[in-house]
Every structure is written in structure tokens, then in C-alpha cells.
Amino acid sequence: MANEIKLIYGAARVLEDAGGAIASGAFAQAADASVSETDSLDWPDADFVLSCTFSTAPADGRAIAIYAQPLDVDGTEDTPAPSSNVRHHYIGAFAPNNVTTLQTLWLRAYDLPRRYACWLENSAGQPIAAGWSLKIIPRTTGTV
């Protein structure tokens, strides 16, 4: 059928390739790269993929939240980095399994800022081991 609405994906972008350990209750930035309108193709939606391990399995029902820190919102001025007191742009949460093996977690996100840095908040109850990675895959809808 012509003119069907379909999901269209851009190329994956690595935001963090080998992040340091994240203590339980702590925040960590995916510091290898931020997201610009070039990276996101100026599309407001994306899929995120987090790959991580734990030395001790987290309990069921725990989460790893992801936040956007909007960048260059007033010229070159950025919004404050997310912290326990500042949780401005919540994107969503990954739900880890209670295992210690490698977990690849997926999250669909909507209405993202044009430019932003990504931060994780580890509420899994156990430290995330060093070596975690975070990728973004831009997504939009269109006709094919």
C-alpha cells in the first residue's frame, strides 16, 4: 500500500562506550557524547539501549532512570545537571533483571530536547559495574 505511515530509524550513536561504575543511588553522565540536532536528525523521538552488568543482582522491581540535561538553551548556557535535587527532564526508566550477566535494556522515548546530555540514576539497589554503554537510535514516523 502506498503512503503507509512507518517508523523510520536513523543511525545509532554511542553516548557512552565504557562508563565507570555507578553506585546505588548515584547519578552518572553518559560522557562520551551528547546529542545534537545533527545526531537526532532533528527528530524528537528515539530509542535508547543500555548494556550493563551488576556484581550482585538487583532486586526485582528496581529501575535505572534516564534524564536529559538540555544544552545550549540560552545561547551556550545549559540547564543544571540532574541530581537528587534536580530532575528536570525525565526520559524514562530501564527495568533491569535480577541477574549478574550482561543485560541489554531498551527504552522508547518521546519529545526529547534538541540538544542534550544523558544522565543515568541508578535506583537498582546495587552498583552498576564499570563498562556499561548507552546508545541512542533516532526515530520518527513517515510515509514510504
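Throughout this document, residue positions are counted from 1 along each chain, in the order its sequence is written. Local features are withheld for residues below a pLDDT of 70 in this predicted model, meaning they are given only at 70 or higher, and side-chain atom pairs are given and counted only at 80 or more; totals for whole chains, interfaces and linings count all residues. The basis for every side-chain value is the complete set of non-hydrogen atoms in the structure, without hydrogens or water.

Chemist: Explanation requested: the nonpolar core in the structure shown.
Modeler: When a protein is soluble and globular, its nonpolar side chains tend to lie buried together. The nonpolar core is taken to be a set of buried Ala, Val, Leu, Ile, Met, Phe, Trp, Tyr and Cys residues, with the residues joined through side-chain atoms within 4.5 Å. When accessible area is computed with a 1.4 Å probe and restricted to protein chains, residues below 20% of their type maximum are described as buried, those above 50% as exposed, and intermediate ones as partly exposed. Among the nonpolar cores identified, the biggest contains 28 residues, and F48, I64, F94, W132 and L134 are the most heavily contacted of them. Helix and strand definitions follow DSSP, with helices as H or I runs of at least four residues and strands as E runs of at least two, each counted in order from the N terminus. Broken down by secondary-structure element, the contributors of at least two residues to this core are β4 (45-52), β5 (63-70), β6 (89-94), β7 (103-109), β8 (116-123) and β9 (132-143). By definition in these notes, contact holds between two residues if any of their heavy atoms fall within 4.5 Å. The residues contacting L134, other than those within four sequence positions of it, are R13, V14, L15, E16, A30, F48, V49, L50, I66, F94 and C118. The next biggest cluster of nonpolar side chains, apart from the first, holds six residues, and it includes F27, A65, Y67 and A117.

Chemist: Looking at this structure, I do not really get the side chain of R139. What am I missing?
Modeler: Mapped onto the secondary structure, R139 falls in strand β9. You can call R139 buried: its relative accessible area is 2%. Any N or O atom pair separated by 3.5 Å or less is treated as a polar contact, with the protein-specific requirement of one donor-capable and one acceptor-capable atom, and with residues adjacent in sequence counted only for side-chain atom pairs. A polar contact is formed between the side chain of R139 and the backbone oxygen of A46, at a distance of 2.9 Å. For R139, the residues in contact, after removing those within four places along its chain, are L7, I8, Y9, W43, D45, A46, D47, R108, A109 and Y110.

Chemist: What is the right way to look at the packing of aromatic side chains in this model?
Modeler: Each aromatic ring pair is described using two quantities: the centre-to-centre distance and the angle formed by the ring planes. Pairing of aromatic rings covers Phe, Tyr and Trp, the last counted by its six-membered ring, and requires centre-to-centre distances within 6.5 Å; plane angles under 30 degrees mean stacked, over 60 mean edge-to-face, and any other angle means tilted. Here the structure, examined in full by the defined rule, presents two aromatic pairs. Ring centres of F27 and Y67 lie 5.9 Å apart, and the angle between their planes is 40°; this geometry places the pair in the tilted category. Of this pair, F27 sits in strand β3 (residues 27-29) while Y67 sits in strand β5, placing them 40 residues apart in sequence. Across this residue pair, the class does not change: F27 and Y67 are buried. Between Y67 and Y90, the ring centres sit 5.6 Å apart and the planes meet at 65°, which makes this aromatic pair edge-to-face. With Y67 in strand β5 and Y90 in strand β6, this pair connects stretches of sequence that are 23 residues apart. What makes Y90 partly exposed here is its relative accessible area of 48%. Counted as over-ring charges are cases with an Arg CZ or a Lys NZ within 6 Å of the ring centre that also lie within 35 degrees of the ring normal. Taking NZ or CZ as reference, R139 lies 5.1 Å from the ring centre of Y110, over its face.

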